[in-house]
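Fold and contact review
Chain by chain, the residues:
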Amino acid sequence: MHQFAITPLGSETLTGSAFQFTNSALWMLIVLGAILLFMWGGMKRQLVPGRWQASVEAITGFVDNITRANIGAEGRKYLPWVLTAFLFILFSNWIGAMPFGIVPAAHPFTVTSQFSITGVLSITSFAIVLVVGFWKHGLHFFTLFVPKDTPFVLKLLIAPIEFVSFMVRPFSLGLRPFVAMFAGHILLDVFGNFVVQGLNSHSVLGYGISGLCFVFVVGVNALELLVGAIQAYVFALLTALYINDAVNLH
Amino acid sequence: MPQLTQLSLVYQSQWLWLLLVLAAIYLFVGRGILPRVEATVDGRDARIAADLAAAERLQGEATQTEEAWRARVNAAHGAGQSEIAKAKAAADAEAQARIAKADAEIAAKSDAAEAALATARASALAEVQGVAAEAVQAIVAKLAGGSVSAEDAAKAVAGVMA
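Values in this document were obtained by computation on a predicted structure and should not be read as measured data.

How each quantity is defined
Every chain is numbered independently, its residues counted from 1 as its sequence is written. Whichever chain is written first is A, and whichever ligand is written first is 1; the rest continue in order. For a predicted model such as this one, the threshold for reporting local features is a pLDDT of at least 70, and the threshold for listing and counting side-chain atom pairs is 80 or more; totals across whole chains, interfaces and linings nevertheless cover every residue. Just so you know, side-chain values use all the structure's heavy atoms and leave hydrogens and water out. Numbering of helices and strands runs from the N terminus; a helix is a DSSP stretch of H or I covering at least four residues, while a strand is a stretch of E covering at least two. Whenever a helix is involved, its axis is fitted only over the stretch in contact; in every case the axis is a line through C-alpha atoms, and angles between N-to-C directions fall within 0 to 180 degrees. Here the angle decides the label: under 35 degrees means roughly parallel, over 145 means roughly antiparallel, 65 to 115 means roughly perpendicular, and every other value means oblique. The handedness criterion is simple: a crossing whose near helix is rotated anticlockwise from the far helix by less than a right angle is left-handed, and one whose near helix is rotated clockwise is right-handed. By definition in these notes, contact holds between two residues if any of their heavy atoms fall within 4.5 Å. Gly counts as polar in this scheme, as do all residues outside two lists: the nonpolar Ala, Val, Leu, Ile, Met, Phe, Trp, Tyr, Cys and Pro, and the charged Asp, Glu, Lys and Arg. To estimate the expected span of a helix, subtract one from its residue number and multiply by 1.5 Å. In this scheme, a residue with accessible area under 20% of its type's maximum is buried, one over 50% is exposed, and one in between is partly exposed, where area comes from a 1.4 Å probe on protein chains only. Once two parts are brought into contact, the accessible area they lose, counted with a 1.4 Å probe and summed over both, makes up the buried area. What counts as a salt bridge is simple: a side-chain nitrogen of Lys or Arg found within 4 Å of a carboxyl oxygen of Asp or Glu. Here a polar contact is taken to be a pair of N or O atoms separated by no more than 3.5 Å, where protein atoms must pair a possible hydrogen donor with a possible acceptor and residues adjacent in sequence count only if both atoms sit in side chains. Predictor confidence is given residue by residue as pLDDT, running from a minimum of 0 to a maximum of 100.

1. Some words on the environment of Phe-86 of chain A
When you line up the elements, Phe-86 of chain A lands in helix H3 (residues 79-97). Along the primary structure Phe-86 of chain A and Ala-34 of chain A are separated by 52 residues, whereas in three dimensions their C-alpha atoms are 14 Å apart.

2. Digging into the packing of H3 of chain A against helix H4 (residues 115-137) of chain A
Each pair of packed helices can be described by the angle between their axes along with the distance between the axes. Residues and elements named next belong to chain A. Closest axis-to-axis distance for the H3/H4 pair is 11 Å, and the angle between their directions is 165°. Looking at the two axes, H3 sits roughly antiparallel to H4. Considering how the two elements wind past one another, H3 and H4 form a crossing that is left-handed. Contacts between H3 and H4 involve Trp-81, Phe-88 and Ile-89 on the former and, on the latter, Ile-117, Leu-121, Thr-124, Ser-125 and Ile-128. Tallied by class, residues from the contact of H3 with H4 come to 6 nonpolar, 2 polar and no charged.

3. A short note on H3 of chain A
In a regular helix each residue adds 1.5 Å, so 19 residues correspond to 27 Å; H3 of chain A covers 26 Å between its end C-alpha atoms and thus fits that length. In terms of residue burial, H3 of chain A counts as a mostly covered element, since 18 of its 19 residues are buried.

4. Comments concerning the interface of chain B and chain A
Taken together, the 36 residues of chain B in the interface contact 51 residues of chain A. Roughly 4000 Å² is buried in total at the junction of chain B and chain A, and carbon and sulfur atoms are behind 71% of that figure. When the area that chain B buries against chain A is broken down by residue, the three leading residues are Gln-3, Gln-14 and Trp-17 of chain B, summing to 16%. In this assembly, chain B and chain A are joined by 3 salt bridges. Run the count over chain B and chain A and you get 15 residue pairs in polar contact (both at pLDDT 80 or more). Of all elements in the fold, only helix H1 (2-5) and helix H2 (7-143) of chain B reach the threshold of two or more residues within the side of chain B that touches chain A. The element contributing the most residues to the side of chain B that touches chain A is H2 of chain B, with 31 residues. Looking at the side of chain B that touches chain A residue by residue, the classes come out as 23 nonpolar, 7 polar and 6 charged.

5. A short note on the confidence of the model for chain A
The predicted structure's coordinates, where accompanied by low pLDDT, should not be read in detail. In the predicted model, chain A carries a mean pLDDT of 92, and the fraction of residues at 70 or more is 100%. Within chain A, no element has a lower average pLDDT than helix H5 (residues 152-200) of chain A, which sits at 93, and none a higher one than H3 of chain A, at 95.

6. Describing the side chain of Ser-210 of chain A
Tracing the backbone shows Ser-210 of chain A in helix H6 (residues 204-248). In this structure Ser-210 of chain A touches Phe-194, Val-195, Gly-198 and Leu-199 of chain A, once residues within four positions along its chain are discounted.

Written as structure tokens, this is what we have:
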């Protein structure tokens, strides 16, 4: 569990202050730097893009497609936030999966394995949904919970269910990327431990298990990259879907 | 699970740094870079669409020009053919006329030559007769010692030569 622990940088103990600099803050800044460096490649603005500019345009085009397909023409207004969340989750997940641990004294840290981080992301998305919904539709926004063309009795039953499912959204949205990273890194930790313990056992069976687990670690690492991208995509997709509810109701 | 056990100690700094980082991404990337990238992509798409439309238009124009050119070439071919036929006919007629004229000239020349030949022959014959008559007179005078008149000699010669 050490890989998930937050340690203070520049001081001895965690003080609970908002201004304390921690390894988590450091890796957030590294993620920020990586995102800015990468996106800076999109500023070349050439008519025929190079590889770098083409990658940036591919990512913005990908997220733009998500918002446009789910929200419609108005989706571009919400693209900056969806792209911000997408890039932050994607880069955090992937930078957390990089083998920085082989560098002495470097302690890799996955920012998105903290639900205090993913929770803020999901609550921000949820807050946008609420603000946009009530801004555009006022109290009509509550009709979101009442399906159209349904018998009154069913409406009575369905509205509370819809309401609960709506209120669960920020939790599911925030827990999903956190759980994916948390579980993936624990899996890596467990198999990594098996590799070391198998080697330490000095037995043929131990070496066999060790080799098998090493293959697993490689596989899980590859899977982790895939999951990291999928979680970023899912977060962007669900944010766009929820914003669509607020913009267009049903 | 450090995420839970440390939560009360770290949540404030986590949130502060997260909000700073998200605000930076939102401002620099979402509001700064993204519109420029989108403008680049939109501009490129518009450019491609405009280029395709222009290419289509130019192709239509080229087709039209080619058709007009072909019509002009066909018309020119037709005009050329009729010119050639006309020129041929004129040349034929002229040749015929010249041949006819040359034939007439040649005929006239040969007629004149024949006439000249005939008169020349006639005068030559007359001269031969004159000479023969004189010779007859002289022979008669020498051999027979008589004299023959020029008229009788001429008659005798003419009777012999006829």
